[in-house]
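# Observations on chain architecture
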Amino acid sequence: MDQSPYLFFAEVVEAGSFAMAARRLGMDRSNVSRRIKELEHTAGVQLMRRTTRKMVLTDLGAAFYEQCLAVRSEIEQAKNLLLSHGDGVRGPLHVSCPPAIGRLYLVSVFEAFCRRYPAVSLQITLKSGAVDLIDERIDVAIRFTNEPSPHQVARVLGQTHWIFCASPDYLAEHGTPQFPEDLAHHAWLGMRTRMELQLRKEAALHRVVLRSRVACPDYALLGQMARDGLGVCLLPVYVASRGLPQGGLAQVLADYQVEPTPGSTLYAMTLPGIHSPPQVKAFVQFLAETVQAEFIH
């Protein structure tokens, strides 16, 4: 048997179902089922039990899956070893970053990287929140967080802080909140439909529960809506700073700090491994050289 059945089996297991595996692999569901049956028939064993809704690995199937992962890892390391001794950085690179950071700051970074390394094919996914690097096949995830995963390599790129903002026109019409509890009486623009915030001023800690008039996991969009007078929102300063100097936004509750913040440190996160692909190493280093100053405020 060549390597392909091992890689194929790992793909199917990680997909969770034949239907999802078929979508990921770009083939018919019946072909996925047929190949698994052929693998079991060749080996003379049952590797998984299938129902109409899910599949469950047998004990042997689970052990075989672990070995398939080892095979895939060895293949990747061999490939990266060859690439690392080549005459340039090349190959596919999948990067994930939040929409606001991508649109406001990283477009020029991505363009400059592509110009420096024309043999790299760059895939960009704009997505907020946690990311599974393995399941989503992400090479580098750029995220603001307070606690990066211990299972990932996290390189610090910069810092930011968070401020409450609204447009001067909105505040003139609805009044300026003086205390955290006042936020409950204002139109709230938030990441989720319901948000619990803790704000500290010196030794006093205030807890508020807010229901969003508009909920969206994109700070650039929330910032624009705040500038347009739709309500009050909590923004990272790298987004808010685009409205403050021009008067489109005004800071409120400046004496209060959010604890904990949604994320104050910007990281480039990758999977651990000795033989990281050259294009991943090059991109992380490029980020460290070009992004850091943008987010320190």
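Going along each chain's sequence as written, the residues are numbered from 1 onward. Where totals are concerned, whole chains, interfaces and linings use all residues; where local detail is concerned, this predicted model gives features only for residues with pLDDT of at least 70, and gives and counts side-chain atom pairs only at 80 or more. Side-chain numbers here rest on the full set of heavy atoms in the structure, without hydrogens or water.

### Points about the pairing of strand β7 (residues 162-166)
Burial status follows relative accessibility: with a 1.4 Å probe on protein chains alone, a residue under 20% of its type maximum counts as buried, one over 50% as exposed, and anything between as partly exposed. Strands are runs of DSSP state E lasting at least 2 residues, helices are runs of H or I lasting at least 4, and numbering of each runs from the N terminus. Where burial is concerned, most of β7 is hidden: 5 out of the 5 residues are buried. Residues Trp162, Phe164 and Ala166 point to one face of β7 and Ile163 and Cys165 to the other, with burial holding for every one of them. Should DSSP find at least two bridges between two strands, the strands are taken to pair. Bridge analysis of β7 against strand β11 (residues 232-236) gives 4 bridges, and the strand direction is antiparallel. By the bridge assignment for β11, Phe164 is matched with Leu234. Across 3 bridges, the pairing between β7 and strand β12 (residues 250-252) is antiparallel. Residue Ala166 lies in a different strand from β12, and its bridge partner there is Ala250.

### Notes on the sheet that holds strand β10 (residues 204-215)
Taken together, the 7 strands give an open sheet; going across it, the order is β12-β7-β11-β8-β10-β9-β13, and neighbouring strands pair in mixed fashion. The sheet terminates laterally at β12 and β13 (257-258), the two strands that pair on one side only. In the sheet, strand β8 (residues 188-190) pairs with β10 via 3 bridges, with the strands oriented parallel. Of the residues in β10, the one forming a bridge with Gly190 is Ala215.

### So, the environment of Phe286
As for its position among the elements, Phe286 is in helix α9 (residues 278-290). Distance in space between the C-alpha atoms of Phe286 and Val109 is 8.5 Å, their sequence separation being 177 residues.

### Focus on empty space enclosed by the protein
Residues are said to line a cavity or pocket when one of their atoms sits within 4 Å of a point; the points come from a 1 Å grid over protein atoms alone, cavities being sets where a 1.4 Å probe fits but cannot get out and pockets being open sets with protein on both sides within 12 Å along at least five of seven lines. Grid points are joined across faces, edges and corners, and a volume is the space filled by probe spheres set on the points. Inspection of the entire model under this criterion finds 1 cavity of 30 Å³ or more. The space that makes up the largest cavity amounts to roughly 40 Å³. Contributing to the lining of the largest cavity are Leu189, Gly190, Met191, Met195, Tyr219, Leu222, Leu234 and Pro262. Mapped onto the lining of the largest cavity, the elements with two or more residues apiece are β8 and α7 (219-227). When residues are grouped by polarity, Ala, Val, Leu, Ile, Met, Phe, Trp, Tyr, Cys and Pro land in nonpolar, Asp, Glu, Lys and Arg in charged, and all others, Gly among them, in polar. Grouping the amino acids of the lining of the largest cavity by side-chain chemistry returns 7 nonpolar, 1 polar and no charged.

### Concerning the packing of aromatic side chains
When the centres of two rings from Phe, Tyr and Trp lie within 6.5 Å, Trp using its six-membered ring, the rings pair. Their planes under 30 degrees apart give stacked, over 60 give edge-to-face, and anything left gives tilted. Counted under the stated rule, the structure contains 10 aromatic pairs. A centroid spacing of 5.6 Å and a plane angle of 45° characterise the contact between Tyr6 and Phe64, whose relative ring orientation is tilted. In this pair, Tyr6 sits in helix α1 (residues 4-15) while Phe64 sits in helix α4 (residues 59-84), placing the two residues 58 residues apart along the sequence. For Phe64, a relative accessible area of 18% corresponds to the buried category. With 4.9 Å between their ring centres and 50° between their planes, Phe113 and Tyr117 make a pair best called tilted. Judged on exposure class, the residue Phe113 and its partner Tyr117 are both buried. Members of the aromatic cluster, each reached through a chain of ring pairs, are Phe110, Phe113, Tyr117, Phe283 and Phe286. For Arg35, the ring lying beneath its charged end belongs to Phe8, and the centroid distance is 4.0 Å. Geometrically, a charge over a ring is one whose NZ (Lys) or CZ (Arg) sits within 6 Å of the ring centre while staying within 35 degrees of the ring normal.

### Looking at the packing of helix α2 (residues 18-25) against helix α3 (residues 29-43)
Only the stretch in contact is used when a helix axis is fitted, and all axes are lines through C-alpha atoms; the angle between N-to-C directions ranges over 0 to 180 degrees. At their nearest, the axes of α2 and α3 sit 8 Å apart, and the two run at 105° to each other. Comparing the axis directions of α2 and α3 gives the class roughly perpendicular. Residues Phe18, Ala19, Ala21 and Ala22 of α2 form the contact with α3, whose participating residues are Arg29, Val32, Ser33 and Ile36. In terms of residue class, the contact of α2 with α3 is made up of 6 nonpolar, 1 polar and 1 charged. Roughly parallel refers to an angle under 35 degrees, roughly antiparallel to one over 145, roughly perpendicular to one between 65 and 115, and oblique to any angle outside these ranges. Contacts: residue pairs with any heavy atoms within 4.5 Å of one another.

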